[in-house]
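Results of the structural survey
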Amino acid sequence: MAAKLKRPPIARLLVAQSLMLAALSVAGMLAAGIGGGLSALTGSGIALVANVYFAWRAFRFQHARHYRQMVNGFYRAEAGKFGLTVALFTIVFVTVPPSNPAFFFGAYVATLLVHWLGPWLLRRPSHT
């Protein structure tokens, strides 16, 4: 049985996460200077890059041949997102350790929490 599902408007969610990245970077810079801003930028950037990868990988095929292929695609995308997140954390901690860990981890978590807005941001407008 062929699967014909529409691609969700995931771009709205990624734009919301990008806006969160910008807002947290500016807030970090105002609160703790350049170090705080860069820490917030790298923390939020890790979450954003991993989510962009997941969206690209999971939704690149609009019409898979079978539901099983779609589900396997989501599993592979999630595994890749996890691996990319681990790699990005490793790269950041080895090359440029965050000067303000509170801003770094706070921005990472805040950017991930934007997903809670997903049902509202991904809602399709009604045409009634």
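Everything here concerns the structure above.
Below, the discussion takes up the packing of aromatic side chains. Taken as a whole, this structure holds 9 aromatic pairs when the rule is applied. Here the aromatic rings of F89 and F105 are separated by 6.3 Å at their centres, their planes lie at 15 degrees, and the arrangement is stacked. Separated by 16 residues along the polypeptide, F89 in helix α2 (residues 67-95) and F105 in helix α3 (residues 101-113) bring together distant segments of the chain. A relative accessible area of 16% means that F89 is categorised as buried. Ring-pair connections join several aromatic residues into one group, and the members of that group are F89, F93, F104, F105 and Y108. Across the ring face of F54, the terminal group of K81 is positioned such that the distance to the ring centre comes to 5.7 Å.

With that out of the way, let us pick up the environment of V114. Mapped onto the elements, V114 comes out in the loop between α3 and α4 (118-121). In this structure the C-alpha to C-alpha distance between V114 and Q17, which are 97 residues apart in sequence, comes to 6.3 Å. Sequence-distant contacts of V114, defined by excluding residues within four places in its chain, comprise L13, A16, Q17 and M20.

Cut-off values and rules
- Residues numbered from 1 in each chain as written.
- Predicted model: local features only at pLDDT ≥ 70, side-chain atom pairs only at ≥ 80, totals over all residues.
- Heavy atoms only, no water.
- Phe/Tyr/Trp six-rings, centres within 6.5 Å; stacked < 30°, edge-to-face > 60°.
- Helix = DSSP H or I, 4+ residues; strand = E, 2+ residues; numbered from the N terminus.
- Buried < 20%, exposed > 50% of the residue type's maximum accessible area, 1.4 Å probe, protein only.
- Lys NZ or Arg CZ within 6 Å of the ring centre and 35° of its normal.
- Contact = heavy atoms within 4.5 Å.

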